[in-house]
Amino acid sequence: MARVEFFFDCSSPWTYLGFDGLVKARAQDRFEIDWRPFLVGGVFNTVNKSVYEARAAEANPKTLYFWKDLHDWIRRSGLAIKWRPSIFPINSARAMRCALLADDAGVCEAYARRAFERDWGEDRDIADPAVLAEACAAAGLDPAATLAAADSPELKARLRANTDEIIARGGFGTPTFYVGDDMYFGQDRLVLVREALKGAGARA
């Protein structure tokens with residue numbers, strides 16, 4: 001069966017849109033999702049520092065359109081997404097380490113869904129252990145054990161490895177999809193991802 005690698009960080013509203021769209025696409029097409037949590041801030045610091053410059057710049061026609069575009073996609077998705085949230089940018093490091101543990105347990109999708117909802121739908125800070133504990137519980141994980149393990153050197157190294165991997169493979173942000181060696185960036189590339197997956201499935 002065709003597979004897509006989904007490199008994601010819950011700190012992005014665009015990634016919430018991409019996550020939801022990918023899950024809906026899987027319900028229509030037959031493919032597997034490999035969940036690949038990473039830390040987008042580490043990517044920005046290494047290969048895409050222009051993100052910080054854009055955030056600090058005064059509003060211009062391009063940035064105004066960018067936010068209009070986001071609201072258009074939010075409206076189309078039907079998701080509850082608040083822009084801007086009370087806290088932005090968001091420190092998602094612990095949340096994404098919890099996502100690695102959720103993936104180990106086979107519940108990454110459920111955990112990520114709740115983390116996205118808490119962050120973007122309910123305007124809660126996913127850097128807050130209490131907020132993460134609720135997301136863990138919603139996915140059937142033991143909150144205390146998961147949060148304790150997430151702060152271990154092993155989990156920090158695993159998240160760093162995923163972040164280094166996406167950089168090495170040419171990635172520069174979230175969400176990023178890979179079908180084989182082909183990379184697709186952005187939730188609006190899902191139509192291309194689906195076409196690539198259908199081609200990969202036909203060759204399998």
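Residues numbered from 1 in each chain as written. Predicted model: local features only at pLDDT ≥ 70, side-chain atom pairs only at ≥ 80, totals over all residues. Heavy atoms only, no water.

Novice: Got a sec to walk through the overall build of the chain? Specific residues and values, please.
Specialist: Helices and strands together make up the secondary structure of the chain, namely 10 helices and four strands. Beginning at the N terminus, the succession of helices and strands in the chain can be written as β-α-β-α-α-α-α-α-α-α-α-β-β-α. Computed over C-alpha atoms, the radius of gyration of the chain comes to 17 Å, within 12% of the 17 Å expected from 2.2 N^0.38 for 204 residues, which places it in the range of a compact globule. Principal axes of the C-alpha set define a box for the chain whose edges measure 50 × 40 × 35 Å. By residue count, 46% of the 204 residues in the chain fall in the buried class. Counting contacts in the chain only where the partners sit at least 6 residues apart, residues at least 24 apart contribute 73% of the total. Accessible surface, the chain as shown: approximately 10000 Å² in total, 52% of it carbon and sulfur. Side chains of the chain carry 27 positive and 29 negative charges; the gap between the two charge centres is 3 Å. (Helix = DSSP H or I, 4+ residues; strand = E, 2+ residues; numbered from the N terminus. Rg over C-alpha atoms; globule rule 2.2 N^0.38 Å. Buried < 20%, exposed > 50% of the residue type's maximum accessible area, 1.4 Å probe, protein only. Contact = heavy atoms within 4.5 Å. Areas by Shrake-Rupley, 256 points an atom, 1.4 Å probe, with all protein chains shown as cover. Lys, Arg positive; Asp, Glu negative; His and termini not counted. Charge placed at Lys NZ, Arg CZ, Asp CG, Glu CD.)

Novice: Describe the pairing of strand 4 (residues 182-185), with residues and values.
Specialist: As defined by bridge partners, strand 3 (residues 176-179) adjoins strand 4 across four bridges and the pair is classed as antiparallel. Looking at strand 4, one finds that Thr176 is bridged to Phe185. Hairpin connection between strand 3 and strand 4: a loop of two residues separates the two successive antiparallel strands, and Gly180 in this loop has a positive phi of roughly 65 degrees. (Pairing = 2+ DSSP bridges.)

Novice: Talk me through the packing of aromatic side chains; I want residue IDs and the actual numbers.
Specialist: Counted by the stated rule, this structure contains 16 aromatic pairs. Between Phe7 and Phe38, the ring centres sit 6.1 Å apart and the planes meet at 65 degrees, which makes this aromatic pair edge-to-face. With Phe7 in strand 1 (residues 3-8) and Phe38 in the loop between strand 2 (32-37) and helix 2 (40-47), this residue pair connects regions lying 31 residues apart in the sequence. Summarising the aromatic geometry, the rings of Phe66 and Trp67 are spaced 4.6 Å apart at their centres and angled 75 degrees between planes, so their arrangement reads as edge-to-face. A residue is classified by how much of its surface remains accessible, and Phe66, at 37% relative accessible area, is partly exposed. What makes Trp67 partly exposed here is its relative accessible area of 27%. Taken together, the ring pairs in this structure connect Phe6, Phe8, Tyr16, Phe19, Trp35, Phe116 and Phe177 into an aromatic cluster. (Phe/Tyr/Trp six-rings, centres within 6.5 Å; stacked < 30°, edge-to-face > 60°.)

Novice: Describe a nonpolar patch on the surface, with residues and values.
Specialist: A cluster of nonpolar residues, Val47, Phe172, Met183 and Phe185, forms a patch on the protein surface that exposes about 300 Å² of accessible area. Note on placement: Phe172 falls in the loop between helix 9 (153-168) and strand 3. (Patch = residues over 30% accessible without salt bridge, like charges linked within 9 Å, V, L, I, M, F, W, Y side chains within 5 Å. Salt bridge = Lys/Arg side-chain N within 4 Å of Asp/Glu carboxyl O.)

Novice: Describe the side chain of Thr174, naming the residues involved and giving the relevant values.
Specialist: For Thr174, the location among the structural elements is in the loop between helix 9 and strand 3. Exposure remark for Thr174: the relative accessible area of 8% places this residue in the buried category. For Thr174, the side chain forms a polar contact with the main-chain nitrogen of Asp9, separated by 3.1 Å. Of note is the side chain of Thr174, whose polar atom sits 2.7 Å from the side chain of Thr15. When near neighbours in sequence (up to four residues on either side) are disregarded, Thr174 contacts Phe7, Phe8, Asp9, Ser12, Thr15, Phe38, Val40 and Phe185. (Polar contact = N/O pair within 3.5 Å; in protein donor to acceptor, adjacent residues only side chain to side chain.)

Novice: So what about the sheet that holds strand 1? Which residues, and what values?
Specialist: Strand order in this open sheet of four strands is 2-1-3-4, and the pairing throughout is mixed. Here the strands that pair on one side only, and so sit at the sheet edges, are strand 2 and strand 4. Within this sheet the neighbouring strands show an average axis-to-axis angle of 25 degrees, counted without direction. As paired elements, strand 1 and strand 3 share three bridges and run antiparallel to each other. Within strand 3, the residue paired with Phe6 across the bridge is Phe177. (Axes fitted to C-alpha atoms, helices over the stretch in contact; angles between N-to-C directions.)

Novice: Report on the nonpolar core, specifying residues and quantitative values.
Specialist: Of all hydrophobic cores here, the largest spans 54 residues; its most connected members are Val4, Phe8 and Tyr111. Residues in contact with Phe8, not counting those within four places in the same chain, are Thr15, Trp35, Arg36, Pro37, Phe38, Met96, Ala99, Cys108, Ala112, Phe116 and Thr174. Among the nonpolar cores identified, the runner-up in size contains seven residues, and Phe7, Phe38, Phe44 and Tyr178 belong to it. (Core = buried A, V, L, I, M, F, W, Y, C linked by side-chain atoms within 4.5 Å.)

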